[in-house]
Amino acid sequence: MSELILLCRPEEIGEARRHGLRIACAAWCIGGDGRLWRSPLPTLPKGSMMAVFGGLGENTEPLRADIAAECRRLNISEVLYFPSAPVHIGKLGYKLYIPASTALSGGSLAQRFACESTAFIEPCREYFALPCRSGNGVPISAKQLEIFSASAQCRAFSPELGCKYMLSPAGAVLYDDAETVGRKVELLRKTAVERIVLPYVSPSVREFLRKYL
């Protein structure tokens, strides 16, 4: 069974921990100097993970030592790393995971995660002009989604992408809600992904937690 992990900002931890899932605290980033920077921390629940953002995956000894020192200080043994580019920073006395995002506009989640151990459920809400040869959409607001919905002529769920879509003469929209977050979790569990990371900041994720867990 895949483990669900809540990715939380420091100020969200108190509220998020009531769901009973392991916490990954998003309090660390790699600065322009290539070293580890940290936001003020609350008391972390036992078994929490570090979540580190940014950088280009610099495999430098000072950065590796910074992360290892934080792990020792906080008694943390596992780190999630979200790099700005898909490269590896190495590890030193801790387990390091680089989550793959579920935000796809083509292909299928089953193929994408066939060989991945850690997934990041990244709820989408994007508009695509048609035809869209680049495959890249534009993020839209909840209000813009509501406006688009009023003129949509086709609505359905894409089992390949694990999200819902709407079509109209103006283009297409891909979007997630609590239901599709749950479907993504089910699909990722079927592909034997070991760790599924859920961003607590997402309204769709919080609704999923309330409705289904």
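Structural data are supplied above this passage.
What you see as residue numbers is a count from 1 along each chain, following the sequence as written. Only residues with pLDDT of at least 70 get local features here, since the model is predicted, and only at 80 or more are side-chain atom pairs given and counted; chain-wide, interface and lining totals rely on the full set of residues. Heavy atoms throughout the structure, all of them, feed into the side-chain values; hydrogens and water do not.

Draft legend 1. Representation of the state of the cysteines. We call a pair of cysteine sulfur atoms a disulfide whenever their separation is within 2.5 Å. Considering all chains together, one arrives at zero disulfides under this definition. For Cys 124, which is in no disulfide, the shortest distance to another cysteine sulfur is to Cys 163 and amounts to 4.2 Å.

Draft legend 2. Structural context of unusual backbone geometry. In this structure, Asn 75 is a non-glycine residue whose phi angle is positive, near 60°. Only DSSP runs of H or I reaching four residues or more are called helices, and only runs of E reaching two or more are called strands; each is numbered from the N terminus. One can find Asn 75 in the loop between α2 (61–74) and β5 (78–82). Under the scheme applied here, a residue whose accessible area is under 20% of the maximum for its type counts as buried, over 50% as exposed, and between as partly exposed, the area being computed with a 1.4 Å probe on protein chains only. The exposure class assigned to Asn 75 is exposed, which follows from its relative accessible area of 72%. Even without being glycine, Ala 192 reaches a positive phi, approximately 70°. Along the polypeptide, Ala 192 turns up in the loop between α5 (178–190) and β14 (195–199). Classification of Ala 192 as exposed rests on a relative accessible area of 56%.

Draft legend 3. Representation of the sheet that holds strand β10 (residues 138–139). In space, the five strands of this open sheet follow the order β10-β9-β13-β12-β11, with antiparallel pairing throughout. In the strand order of this sheet, the two ends are held by β10 and β11 (154–158), each with one partner. The criterion for strand pairing is that DSSP finds at least two bridges linking the strands in question. Sheet analysis places β11 next to strand β12 (residues 163–168), joined by five bridges and oriented antiparallel. Across the sheet, the residue bridging to Phe 157 is Lys 164, located in β12. For this analysis, residues touch if any pair of their heavy atoms sits within 4.5 Å. Orientation is described by axes fitted as lines to C-alpha atoms, over the contacting stretch for helices, and by angles from 0 to 180 degrees between their N-to-C directions. Across the sheet, helix α4 (residues 142–151) is in contact with β9 (125–128), β11, β12 and β13 (171–175); its angle to β12 comes to roughly 55°. Those strands touched by α5 are β11, β12 and β13, and its axis lies near 130° from that of β12.

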